[in-house]
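The chain contents come next:
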Amino acid sequence: MNISVIGSGYVGMVTGIGFAELGNEVIFVDIDEKKVDTINSGKAPIFEKELDELIQRNRNKYKATKEYNIIADTDITFICVGTPSREDGSIDLTFVKSAAAEIGKVLASKDMFHAVVVKSTVIPGTTEKVIKPIIERESGKEAFKDFGLAVNPEFLREGNAVHDFFNPDRIVIGVRDKKTKEVLETLYKPFSCSKLITDIKTAEMIKYASNAFLATKISFANEIGNICKKLGIDAYEVFKGVGLDHRINPAFFRAGIGFGGSCFPKDIKALIAKAEELGVNPKILKAVIEVNEEQPLKMIELLKEHIPDLKGKRIGILGLAFKPDTDDIRESRAIPIVQKLIEEGANIIAYDPEAMDAFARMFPQIEYASSAEKVITKSDAVLIVTEWGEFNELNYKGKIVIDGRRVEKAMKEAGIYEGVCW
Ligand code: UDX
């Protein structure tokens with residue numbers, strides 16, 4: 001099949017190159033010339049495990065361009081542009097709207113049927129109420145008749161996106177017209193997982209409900225973990241026991257300093273904003289965010305139990321990315337932690353294998369170390385904020401360590417050790 005993908009972020013890039021690997025021809029369309037050049041030179045424009053190899057292997061099956069016109073040569077277009085948060089928590093549809101308008105312009109002069117598939121995360125109702133009228137207006141054509149429209153949410157984890165693309169738990173397709181349904185079923189034929197076909201707004205909601213539930217699991221684990229900490233109980237042992245119940249499942253109970261990233265905080269805030277607009281008070285969702293915002297500061301409370309006055313003290317930070325195996329610092333728990341330490345007058349020395357450049361743009365005033373070892377040797381106490389694999393090989397002997405992510409080696413050998421929920 002000939003596929004075009006609008007937006008070469010981690011969703012667009014992984015989805016497109018994944019489909020190329022499965023034997024399709026793929027065109028990446030992006031407004032950013034630098035990204036287009038990078039992709040055409042055979043490299044990934046983002047840091048994502050296994051992506052470079054996949055790109056290399058499929059060099060002859062894809063190309064990237066800034067020109068939307070090329071969409072006309074393809075059978076199906078995936079919209080994979082970002083939907084960032086606005087001040088009030090609702091999502092900003094600027095990129096989705098402009099992608100829809102550009103697609104519409106191209107479809108105006110295309111005679112053959114074309115399927116447009118939304119992968120960007122959009123609030124239920126958006127595809128039919130916002131995207132559809134834009135494409136219809138610009139193309140002068142009718143949705144579900146002259147062109148197809150569907151929603152196919154992604155469930156890719158950053159840092160594991162390539163693996164997740166090829167090994168999904170399920171594929172959700174929200175679709176109305178028969179032709180688009182057939183196109184998507186053919187495209188997803190190589191996948192043996194469950195495939196759920198729904199209407200369009202249900203598919204949009206499945207994405208939000210999934211992320212909201214996963215985030216709820218984390219905040220729930222953290223709340224139980226906070227109680228465990230006071231009682232001298234290890235929350236990880238507790239959740240081992242809890243997760244053995246098949247109705248519950250052990251995943252996503254890693255208690256600690258909470259969730260960051262480009263999806264969970266943004267999606268939950270967007271769902272809260274929509275619920276309130278509809279006159280529904282989303283009490284659980286609000287609590288999920290509240291617990292998540294307080295959790296990182298527990299590290300500072302624990303630190304002050306051992307160093308009451310942080311003024312002038314050298315505090316080491318291990319990990320700045322919102323999770324390991326990514327250079328992404330969006331909503332990273334390191335941000336409120338560093339802010340609070342600066343307020344308290346501490347001198348910070350930080351290290352992250354991938355995220356230091358991005359973090360230094362936000363916090364140029366702190367010191368960045370060339371290695372994790374240097375953070376340990378040069379600090380009065382160390383805070384573990386991201387569980388990069390290499391942090392489990394360091395020498396923590398004799399150090400004060402406050403651990404937000406449960407790094408086993410630190411647990412075993414630190415001089416003074418405090419886990420946030422254990
Ligand atoms: C998430 C969803 O998993 C994915 O399906 C969706 O498409 C996008 O959002 P991602 O944000 O890449 O993916 O990361 P994920 O691995 O889910 O972790 C999110 C955050 O939760 C991280 O900050 C992580 O440290 C934290 N987390 C995760 C916990 O604190 N505890 C856990 O048990 C799991």
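An unreviewed UniProt entry lists the protein chain under the name UDP-glucose 6-dehydrogenase, with Geoglobus acetivorans as the source organism. Listed under Catalytic activity (unreviewed entry) in UniProt, the entry text for the protein chain is "UDP-alpha-D-glucose + 2 NAD(+) + H2O = UDP-alpha-D-glucuronate + 2 NADH + 3 H(+)".

(A) Focus on helix α7 (residues 178–187). Where α7 is concerned, the buried positions are Thr180, Val183, Leu184 and Leu187. Burial along α7 is one-sided: seen end-on, the buried residues are contained in an arc of 95 degrees. As for α7, its buried residues are in contact with β1 (2–6), α1 (10–21), β4 (76–79), β5 (114–118), β6 (147–151) and β7 (170–175).

(B) The arrangement of the site of the ligand in detail. Taken together, 19 residues lie near the ligand, and Glu158, Arg254, Cys263, Phe322 and Lys323 sit nearest. Taking Phe322, its main chain carries an N or O atom lying 2.9 Å from an oxygen atom of the ligand. For the ligand, whose unbound accessible area comes to 670 Å², protein coverage reaches 96%.

(C) Structural context of the pairing of strand β10 (residues 347–351). When you tally the buried positions in β10, you get 4 out of 5 residues, the bulk of the element. Relative to β10, strand β9 (residues 314–318) is paired through 5 bridges, and the arrangement is parallel. Bridge pairing in β10 places Gly316 opposite Ile349. Handedness of the β9-helix α13 (residues 334–343)-β10 crossover: right-handed. Here β10 runs beside strand β11 (residues 367–368); their pairing, made up of 2 bridges, is parallel. Bridging from a neighbouring strand, Ile349 pairs with Glu367 of β11. Handedness of the β-α-β unit built from β10, helix α14 (residues 356–362) and β11 comes out right-handed.

(D) View of the sheet that holds β6. As summarised here, the arrangement of the 8 strands in space is β3-β2-β1-β4-β5-β6-β7-β8, forming an open sheet in which the pairing is mixed. Edge positions in the sheet fall to β3 (62–65) and β8 (194–198), since each of these pairs with one other strand and no more. Strand-to-strand twist in this sheet, taken as the mean axis angle between neighbours without regard to direction, amounts to 25 degrees. Here β5 pairs with β6 via 5 bridges, running parallel. Bridge pairing in β6 links His114 to Phe147. Across the sheet, helix α2 (residues 33–40) lies against β2 (25–29) and β3, angled at about 160 degrees from β3, the strand it touches most.

(E) Looking closely at the pattern of salt bridges. Going through the model one piece at a time under the given rule, you end up with 29 salt bridges. Between Lys105 and Glu102 there is a salt bridge whose closest N-O contact spans 3.7 Å. Taken together, the positions of Lys105 and Glu102, both in helix α4 (residues 94–108) and 3 residues apart, correspond to about one turn of that helix. A relative accessible area of 45% means that Lys105 is categorised as partly exposed. On the basis of relative accessible area, Glu102 is assigned to the partly exposed category, the value being 27%. Through salt bridges with shared partners, a single network forms among Glu142, Lys145 and Asp146.

(F) Structural detail: the packing of aromatic side chains. Evaluated as defined, the whole model comprises 14 aromatic pairs. Their ring planes at 90 degrees and their centres at 5.2 Å tell us that Phe19 and Phe165 sit as a pair that is edge-to-face. Note that Phe19 is positioned in helix α1 and Phe165 in helix α6 (residues 161–166), a separation of 146 residues in sequence. When its relative accessible area of 0% is taken as the criterion, Phe19 is described as buried. We classify Phe165 as buried; its relative accessible area is 7%.

(G) Representation of the side chain of Ser139 within the structure. Along the chain, Ser139 falls in helix α5 (residues 126–139). Beyond its immediate chain neighbours, meaning those up to four positions away, Ser139 contacts Gly104, Leu107, Ala108 and Phe147.

(H) Examining the UniProt feature "domain: UDP-glucose/GDP-mannose dehydrogenase C-terminal" (unreviewed entry) in the protein chain more closely. The UniProt feature table records "domain: UDP-glucose/GDP-mannose dehydrogenase C-terminal" (unreviewed entry) at residues 316–410. Span residues 316–410 is 28% helix and 19% strand, its end C-alpha atoms 14 Å apart.

(I) How the structure looks around a nonpolar patch on the surface. A cluster of nonpolar side chains, contributed by Ile227, Leu231 and Ile233, occupies part of the molecular surface with about 280 Å² of accessible area. Within the element layout of this structure, Ile233 appears in the loop between α8 (200–231) and α9 (235–243).

(J) The arrangement of the sheet that holds β10 in detail. Pairing within the open sheet is parallel, and its 6 strands lie in the order β11-β10-β9-β12-β13-β14. At either end of the open sheet lies a strand with only one pairing partner, and these are β11 and β14 (416–419). On the sheet, helix α12 (residues 297–306) packs against β9, β12 (381–384), β13 (400–403) and β14 and is oriented at approximately 160 degrees with respect to β13. The strands touched by α13 are β9, β10 and β12; relative to β9, the strand with the most contacts, the crossing angle is about 175 degrees.

Criteria and cut-off values
- Throughout, a residue's number is its position along its own chain's written sequence, starting from 1.
- Owing to the predicted nature of the model, reporting of local features is limited to residues with pLDDT of at least 70; listing and counting of side-chain atom pairs is limited to 80 or more, with chain, interface and lining totals taken over all residues.
- Side-chain metrics in this entry use all non-hydrogen atoms of the structure; hydrogen atoms and water are not considered.
- UniProt positions are given in the numbering used here, feature names are shortened, and annotations may be inferred rather than shown by experiment.
- Residue burial is assigned from relative accessible area. The probe radius is 1.4 Å, only protein chains are included, and a residue is buried under 20% of its type maximum, exposed over 50%, and partly exposed in between.
- A run of H or I in DSSP becomes a helix once it reaches four residues, and a run of E becomes a strand once it reaches two; helices and strands are each numbered from the N terminus.
- Summarising the geometry, the arc corresponds to the directions from the helix axis toward the C-beta atoms.
- Contacts are residue-level and defined by heavy atoms, with any inter-residue pair within 4.5 Å sufficient.
- We define proximity as follows: a residue is near a molecule or strand when any one of its heavy atoms falls within 4 Å of that partner.
- Definition of a polar contact: a pair of N or O atoms within 3.5 Å, with one able to donate and the other able to accept a hydrogen when the atoms are protein atoms, and with sequence-neighbouring residues admitted only if both atoms are side-chain atoms.
- Accessible areas in this description were obtained via Shrake-Rupley with a 1.4 Å probe; residue shielding takes into account the shown protein chains only.
- Here the rule is simple: two strands pair whenever DSSP picks up at least two bridges between them.
- We call a crossover right-handed when, viewed with both strands directed away from the observer, the connection leading from the first strand over the helix to the second proceeds clockwise.
- A fitted line through C-alpha atoms serves as each axis, taken over the contacting stretch for helices, and the angle formed by two N-to-C directions is quoted from 0 to 180°.
- The salt bridge definition used is simple: a Lys or Arg side-chain nitrogen within 4 Å of an Asp or Glu carboxyl oxygen.
- Only rings of Phe, Tyr and Trp enter the pairing, Trp through its six-membered ring, and a pair is recorded when the two centres are within 6.5 Å. The plane angle decides the type: under 30 degrees is stacked, over 60 is edge-to-face, the rest tilted.
- Residues with no salt bridge and a relative accessible area higher than 30% make up the patches, which join like charges within 9 Å and nonpolar side chains (Val, Leu, Ile, Met, Phe, Trp, Tyr) within 5 Å.

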